[in-house]
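Chain by chain, the residues run as shown.
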Amino acid sequence: MGGYFFDFGFIYRNLPIFWSGLGVTLEVSVLAMAGAVVGGLVIAFGRMSRRVWLFAPATAYVEFLRNTPVLIQMFGLYFGLAVLGFRLSPITAGVLALAGQNAAYLAEIYRAGIESVGRRQLEAALALGMRRWRAMRLVVVPIAVTRLVAPIGNQLVVIIKDTSLVSSISVYELTMEGKRLAERSAATYEVFATIAVFYLVLTSAVSLALRFYERRVQLIF
Amino acid sequence: MIRVRGLVKRFGQHTVLHGIDLDVARGQVVVVIGPSGSGKTTLLRCLNFLEEYDDGEVVVDGALLGYRRGADGRLGRRSEEEIAKSRSEIGMVFQSFNLFPHKSVLDNITLAPIYIKGVRRDVAKQVATELLTKVGLAHKADAYPGTLSSGQQQRVAIARALAMQPKVMLFDEVTSALDPELVGEVLTVMRGLAEDGMTMVIVSHEMQFAREVAHRVVFLDGGRILEEGPPKTLFREPSSERLHAFLRRFTEGYKLSV
C-alpha cells in the first residue's frame, strides 16, 4: 500500500530483526561503558600521579585518543591489527575502541572532579593519619563520584550513540540491521525512525537511572 | 611537646616563614595571631607536615617530623607510612571544617580510629558517642554534615580529631568561617579542652579568647615572630610598633561593630 505516512505493520513484522540488533547494541554498550568507567579511573590516577612513568603515558594516552576520531581508532584495531596478524572479532574491536576513547574522556572528568571536589577532605583525611591511597579510596573517590554523576551520565549516553559506529566494521547491531532492512525493503523512513526511537529509549533509560541515583545520593549530603 | 627551630618555608621564590623558633610545652595553649599573609596558617600546617618545610626542624614529642637524619647526617623524607603515623598523633581542625559529606556524623568520627588504629567498630562508636556528648551533639550522631549549622559542623570536626587521641591539637582559624552567633559554642568546646590540659596551638583572630585561654600568645608578621609572651603583657604593653598597630585595628574594628 503506497501513499501512507508510516507503515506500522512493516515495523511490526520485522520486529525480530530490530530485537536482534538491539541485543547486540546493548551488549556493545554495556561492555564499552564498563570498560570506559573502570579504565578511565585507572588513567585518571595515572594523570594525577607525581611519578613521571605513570603520568607521562597516561597523558599521552588521553591526548592521543581524545584527538583522533573513534571511527579511525576502530579501523585501526580491526583492520590495522589484522594486518599485523592480530585478528580481533568485530565486536571486540568495536568495544575496545569505544571503551578506549571514552576512558580517555572519563579520565579527564574524574580528574577534574577529584582535584576540585576532594582537596579539603583529602587534607582532613591525611591530617587524621590516613595514607594517601586509603584517603583516596575511603574519602575522595566516593565524594567525587556522587558529584560527577551528571557528567559521567553524559559520557555514557555518548557511548550508546557511538555504538552505531561499530556497524562500519560489520557488527550486526541496531544500525547495521536497520541499514540492511532499509536496503531490502526501501522502507527507509520507517526503519530509521524506529531505530532512533530505540536509541532514545536506551539513552533515556540511562539518564533517568542516573538522575534517580543522583537524587538519592544528594539527599544524604 | 613541640619544638620548632629555624623553620623556613618557601613557595617557589617567595619565602613565607623566615626561621621560626617556637616551643610548646605539654598542656600549654599557644595562640598565634598576626595579619593575614603573615604565615600563621603555613606555620600551623608545618606542624603536622601538611606543608613540607624547607629548612630548620619541627620536633613533636621527641621525633623529627617528616624527615629523618640518615647515617651521613643528611635529611631524607620519611616514608609515607611514618608521616601518616606522626599525623595520627596530631589533631587538626580546619577553617572550613572539611567533614566527609558522604558519611554520617558518627561515621566521620569513627572512620579514622577504625581504619588507621584498628579500633573495633563498637568501641569506636562508643568513644565517638562520648565525644559527641562532650561537644553537645549526641543527638546529631546519625545526621549528615550538610544538614548541620556551621558551628555544629566545626564541633563535629573537633570531635573527629579528638577521636584519634592526639597528643597535640592544631586549630587553623576555626571560627573564621562561622556565623558570628555560632562562634561562642565552638570557643566553649575549645576552652573545655584547654581546661582538660590538652596541648593546643591555635591560629585565631579571637583576641578576647586568646586573652582568656592562652598561656602564651605569639605575634607573627611577615613570616617572623615579632613578639611572644603571656597574653596580659602582650596585649597591654606591646613592645613593637607592628603589634601595637595590629591590636589597634582590632579594637577599632570592635568599636565600630558595636
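Preceding block: the structure.
Quick caveat, the model's predicted, so the values are computed rather than measured. Here the residue index of a chain counts from 1 through its sequence in written order. Just so you know, chain letters begin at A and ligand numbers begin at 1, following the order they were written in. Only residues with pLDDT of at least 70 get local features here, since the model is predicted, and only at 80 or more are side-chain atom pairs given and counted; chain-wide, interface and lining totals rely on the full set of residues. Water and hydrogen atoms play no part in the side-chain values, which are based on all heavy atoms of the structure.

1. Observations concerning the sheet that holds strand β2 (residues 14-24) of chain B
All names here are of chain B. Pairing between strands is defined by DSSP: at least two bridges between the two strands are required. Comment: elements are numbered from the N terminus, with helices defined as DSSP H or I runs of at least four residues and strands as E runs of at least two. Pairing is antiparallel across the open sheet formed by four strands, whose spatial order is β2-β1-β4-β5. The open sheet has two edge strands, β2 and β5 (63-64), and neither has a second partner. Here strand β1 (residues 2-11) runs beside β2; their pairing, made up of eight bridges, is antiparallel. Within β2, the position partnered with V8 by the bridge is H18.

2. Regarding a positive patch on the surface
Residues R50(A), R51(A), R119(A) and R132(A) make up a contiguous surface patch of positive charge. A residue is classified by how much of its surface remains accessible, and R50(A), at 71% relative accessible area, is exposed. Patch membership is restricted to residues that have no salt bridge and whose relative accessible area is over 30%. Joining uses 9 Å for like charges and 5 Å for the nonpolar side chains Val, Leu, Ile, Met, Phe, Trp and Tyr. To be clear on the numbers: accessible area is Shrake-Rupley with a 1.4 Å probe, and residue cover counts the displayed protein chains and nothing else. When a carboxyl oxygen of Asp or Glu is within 4 Å of a side-chain nitrogen of Lys or Arg, the pair counts as a salt bridge. Here the positive residues are Lys and Arg and the negative ones are Asp and Glu; neither His nor the chain ends is included. Each charge is placed at NZ for Lys, CZ for Arg, CG for Asp and CD for Glu. Buried means the residue's accessible area, taken with a 1.4 Å probe over protein chains only, is under 20% of the maximum for its type, while exposed means over 50%, and partly exposed covers the values in between.

3. Describing the packing of helix α2 (residues 15-48) of chain A against helix α5 (residues 90-117) of chain A
To characterise two packed helices, one gives the angle between the axes of the helices and the distance between these axes. Residues and elements named next belong to chain A. Between α2 and α5, the shortest axis-to-axis distance is 5 Å and the interhelical angle comes to 40 degrees. Classified by the angle their axes make, α2 and α5 are oblique. For the element pair α2 and α5, the recorded crossing hand is right-handed. Residues are grouped as follows: Ala, Val, Leu, Ile, Met, Phe, Trp, Tyr, Cys and Pro are nonpolar; Asp, Glu, Lys and Arg are charged; all remaining types, including Gly, are polar. Grouping the amino acids of the contact of α2 with α5 by side-chain chemistry returns 19 nonpolar, four polar and five charged. Whenever a helix is involved, its axis is fitted only over the stretch in contact; in every case the axis is a line through C-alpha atoms, and angles between N-to-C directions fall within 0 to 180 degrees. The cut-offs work like this: below 35 degrees is roughly parallel, past 145 is roughly antiparallel, 65 to 115 is roughly perpendicular, and the gaps in between are oblique. Crossing handedness is read from the near helix: turned anticlockwise from the far helix by less than a right angle, it gives a left-handed crossing, and turned clockwise, a right-handed one.

4. What to know about the side chain of T175(B)
All names here are of chain B. Assignment of secondary structure puts T175 in the loop between β9 (168-172) and α6 (183-195). Assessed through its relative accessible area of 8%, T175 is described here as buried. Note on definitions: a residue-residue contact is assigned when non-hydrogen atoms from the two residues lie within 4.5 Å. When neighbours within four sequence positions are excluded, T175 is seen to be in contact with V183, V186, L187 and E206.

5. Focus on the interface of chain B and chain A
Every contact between the two is made by 28 residues of chain B and, on the other side, 20 residues of chain A. What counts as buried area is the accessible surface, traced by a 1.4 Å probe, that two parts surrender upon association, with contributions from both included. Each partner contributes to the roughly 2,200 Å² buried at the junction of chain B and chain A, and carbon and sulfur atoms together form 64% of this total. Scanning the region where chain B abuts chain A turns up two salt bridges. With its nearest N and O atoms 3.7 Å apart, the salt bridge here joins R131(A) to E81(B). Whenever a nitrogen or oxygen atom comes within 3.5 Å of another N or O atom, the pair is scored as a polar contact, on the condition that within protein one atom can donate a hydrogen and the other can accept it, and that pairs from neighbouring residues in sequence are kept only if both atoms are in side chains. The interface formed by chain B and chain A contains six residue pairs in polar contact (both at pLDDT 80 or more). Put simply, the parts of the chain that give the side of chain B that touches chain A at least two residues each are α2 (80-88), β8 (90-93), α3 (105-117) and α5 (150-162) of chain B. Per-element accounting of the side of chain B that touches chain A gives the leading share, five residues, to α2(B).

6. Here we look at unusual backbone geometry
Positive phi, normally seen in glycine, also occurs at A186(A), with a value near 65 degrees. On the basis of relative accessibility, which here comes to 61%, the residue A186(A) falls in the exposed class. Its identity is not glycine, yet Q165(B) carries a phi of approximately 50 degrees, on the positive side. Inspection of the secondary structure assignment puts Q165(B) in the loop between α5 and β9. Q165(B) gets classed as exposed once you look at its relative accessible area, which sits at 61%.

7. Some remarks on the layout of surface pockets
With a probe scaled to a water molecule rolled over the atoms, the places where space remains empty come into view. Here a cavity denotes grid points, spaced 1 Å and computed from the protein atoms alone, that fit a 1.4 Å probe unable to get out, and a pocket denotes an open set having protein on both sides within 12 Å along at least 5 of 7 lines; residues with an atom within 4 Å of a point are the lining. Grid points are joined across faces, edges and corners, and a volume is the space filled by probe spheres set on the points. Approximately 1,100 Å³ is the volume attributed to the largest pocket. Considering the residues around the largest pocket, the lining is formed by 31 residues, among which M48(A), R50(A), L122(A), R132(A) and M136(A) are closest to the centre. When contributions to the lining of the largest pocket are tallied by element, the ones reaching two or more residues are α2, α5, α6 (119-127) and α7 (132-147) of chain A together with α2 of chain B. Broken down by element, the residue count for the lining of the largest pocket peaks at five residues, all from α7(A). Class assignment of the residues belonging to the lining of the largest pocket gives a composition of 15 nonpolar, three polar and 13 charged.

8. Notes on the pattern of salt bridges
Close approach of charged atoms lets side chains of opposite charge pair. Here the structure, examined in full by the defined rule, presents 24 salt bridges over all chains. The partner of E123(A) in a salt bridge is R45(B), with the nearest N and O atoms 2.5 Å apart. A residue pair is termed interchain when its members come from two chains, as with E123(A) in helix α6 and R45(B) in helix α1 (residues 40-46). The buried category is assigned to R45(B), whose relative accessible area is 12%. The salt bridge involving K9(B) is made with E51(B); its shortest N-O contact spans 3.9 Å. Highlighted residues: K9(B) in strand β1 and E51(B) in the loop between α1 and β4 (55-60), separated in sequence by 42 residues. The residues K9(B) and E51(B) share a single accessibility class, namely buried.

9. So, the packing of α5(A) against helix α8 (residues 149-162) of chain A
Residue and element names in this part refer to chain A. The interhelical angle for the contact between α5 and α8, taken along N-to-C directions, is 165 degrees, at an axis separation of 10 Å. Classified by the angle between their axes, α5 and α8 sit roughly antiparallel to one another. Considering how the two elements wind past one another, α5 and α8 form a crossing that is right-handed. Of α8, the residues touching α5 (which contributes L98, N102, Y105, L106, I109 and Y110) are P151, I152, Q155, V158, I159 and D162. Tallied by class, residues from the contact of α5 with α8 come to nine nonpolar, two polar and one charged.

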